[in-house]
Amino acid sequence: MTREAIQTFSYRISQASKSQLVVILYDMALEYLKEAREYTDSVADNKEESHGAYADSLRQCGRAVDLLIKGLDFQYDISGHLFQIYLYIKKQLVKCITVKDSDKIMHLEGLLKKLRASFYEVSKTDASEPLMKNTQQIYSGLTYSNRGSSNEVAAAELNRGFKV
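Within each chain, residues carry numbers counting from 1 in the order of the written sequence. Given that this is a predicted model, residues contribute local features only at a pLDDT of at least 70 and side-chain atom pairs are listed and counted only at 80 or more, while totals for whole chains, interfaces and linings are drawn from all residues. Think of the side-chain values as coming from all heavy atoms in the structure, minus any hydrogens and water.

Visitor: Teacher, can you tell me more about the overall build of the protein chain here?
Guide: Each helix is a run of H or I in the DSSP string that is no shorter than four residues. Each strand is a run of E no shorter than two, and both are numbered from the N terminus. Check the secondary structure of the protein chain and you find five helices and two strands. The N-to-C order of helical and strand elements in the protein chain reads α-α-α-α-α-β-β. Out of the 164 residues belonging to the protein chain, those deemed buried represent 29%. Sequence separation of 24 or more characterises 61% of the internal contacts of the protein chain that already satisfy a separation of 6 or more. Total accessible area on the protein chain stands at roughly 11500 Å², and carbon and sulfur atoms take up 54% of it. Each residue is placed in one exposure class: buried if its accessible area under a 1.4 Å probe, protein chains only, is under 20% of its type's maximum, exposed if it is over 50%, and partly exposed if it falls in between. Residues are treated as being in contact if the distance between any of their heavy atoms lies within 4.5 Å. Under the convention used here, a 1.4 Å probe and the Shrake-Rupley method define accessible areas, while residue burial counts only the protein chains that appear.

Listed below in structure tokens is the structure:
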């Protein structure tokens, strides 16, 4: 995953509610699958290097699915069904590491996109506050400080709100 994507996900996580975190996990898993699918084309060019990155992307996707599994609340019936779907995805990811089949990866992407869409609809109705408190607000565009204006965020005071 690119550095920019990691920064974007970090920001989204810092501002997310519980239901939005689930959507973010789906987005991360889909990003890793997309990355793995791109490596399937380059596996023939540089086998060892691209296979390592391909397998690593699939493992990272598996970690995102593991977090989705850990977040299930089994007092609801739907959690059992989601658990079965997540286990199927995990098994297919293991197969994809050895087989390098972009069709299987696209199938997994389709499953995750459908699940993401339903959780996205739920997250739109969630009015709860972000889980992380006291996170830094990030604003895009022209910023102003006591030193004038700039297009970049000026270095904040070193104490960041804490007494030194």
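Visitor: Would you take a moment to explain the packing of aromatic side chains for this structure?
Guide: The geometry of two aromatic rings is summed up by the distance between their centres and the angle between their planes. Stacked, tilted and edge-to-face are the three classes assigned to paired rings of Phe, Tyr and Trp, where Trp is represented by its six-membered ring and a pair needs centres within 6.5 Å; plane angles under 30 degrees give stacked, over 60 edge-to-face, the rest tilted. One pass over the structure, following the stated rule, counts two aromatic pairs. Considering the side-chain rings of Y26 and F119, the 5.6 Å spacing of their centres and the 35° angle between planes classify their relative orientation as tilted. Placement of the pair is Y26 in helix α2 (residues 18-42) and F119 in helix α5 (residues 102-125), with a sequence separation of 93 residues. For the pair F74 and F83, a centre-to-centre distance of 5.7 Å together with 75° between the ring planes defines the contact as edge-to-face. Overall, F74 belongs to the exposed group, its relative accessible area being 51%. For F83, a relative accessible area of 26% corresponds to the partly exposed category.

Visitor: Would you explain the nonpolar core in this entry?
Guide: What tends to happen in soluble globular proteins is that the nonpolar side chains get buried as a cluster. By nonpolar core we mean a set of buried residues, namely Ala, Val, Leu, Ile, Met, Phe, Trp, Tyr and Cys, connected to one another through side-chain atoms within 4.5 Å. With 26 residues, the main nonpolar core has L33, L58, Y86, I89, L93, I105 and L112 as its most contacted residues. Broken down by secondary-structure element, the contributors of at least two residues to this core are α2, α3 (47-70), α4 (77-99) and α5. Residue contributions to this core peak at eight residues, all from α3. Setting aside anything within four residues of it in sequence, one finds L58 in contact with L33, A36, L93, C96, I97 and I105.

Visitor: In this structure, what is going on with the pattern of salt bridges? I would like to understand it.
Guide: A side chain with one charge may pair with a side chain of the opposite charge, provided their charged atoms come close. For this document, the term salt bridge refers to a Lys or Arg side-chain nitrogen within 4 Å of an Asp or Glu carboxyl oxygen. The full count for this structure, using the stated rule, is five salt bridges. Among the ionic pairs, R12 bridges to D27, the shortest N-O distance being 2.7 Å. Taken together, the residues R12 in helix α1 (residues 3-14) and D27 in helix α2 connect sequence positions 15 residues apart. What makes R12 partly exposed here is its relative accessible area of 27%. The salt bridge partner of K90 is D66, with a shortest N-O separation of 2.9 Å.

Visitor: I tried to follow the side chain of E109 on my own but got confused; where do I start?
Guide: Following the sequence through the fold, E109 ends up in helix α5. What qualifies as a polar contact is a pair of N or O atoms within 3.5 Å, subject to a donor-acceptor requirement within protein and to the restriction that residues adjacent in sequence count only when both atoms come from side chains. Within the structure, the side chain of E109 is placed 3.4 Å from the backbone nitrogen of K34, a separation counted as a polar contact. Leaving out residues up to four positions away in the same chain, E109 has contacts with L30, L33, K34 and R37.

Visitor: Help me understand α1 in this model?
Guide: Think of an α-helix as turning once every 3.6 residues; residues three or four places apart then point the same way. Counted at 1.5 Å a residue, the expected span for α1 with its 12 residues is 16 Å, and the 17 Å between its end C-alpha atoms agrees. For α1, the set of buried residues is A5, F9 and S14. Projected onto a plane normal to the axis of α1, the buried residues spread over an arc of 165° and lie on a single side. Counted as exposed and oriented over 90 degrees from the buried face of α1: R3, E4 and Q7. Expected span, for any helix, means 1.5 Å times one less than how many residues it has. Think of it as the arc spanned by the lines of direction from the helix axis to the C-beta atoms.

Visitor: How do you make sense of the environment of P130 when you look at a structure like this?
Guide: When you line up the elements, P130 lands in the loop between α5 and β1 (143-145). Distance in space between the C-alpha atoms of P130 and Q20 is 8.9 Å, their sequence separation being 110 residues. For P130, the residues in contact, after removing those within four places along its chain, are S14, Q15, A16 and S17.

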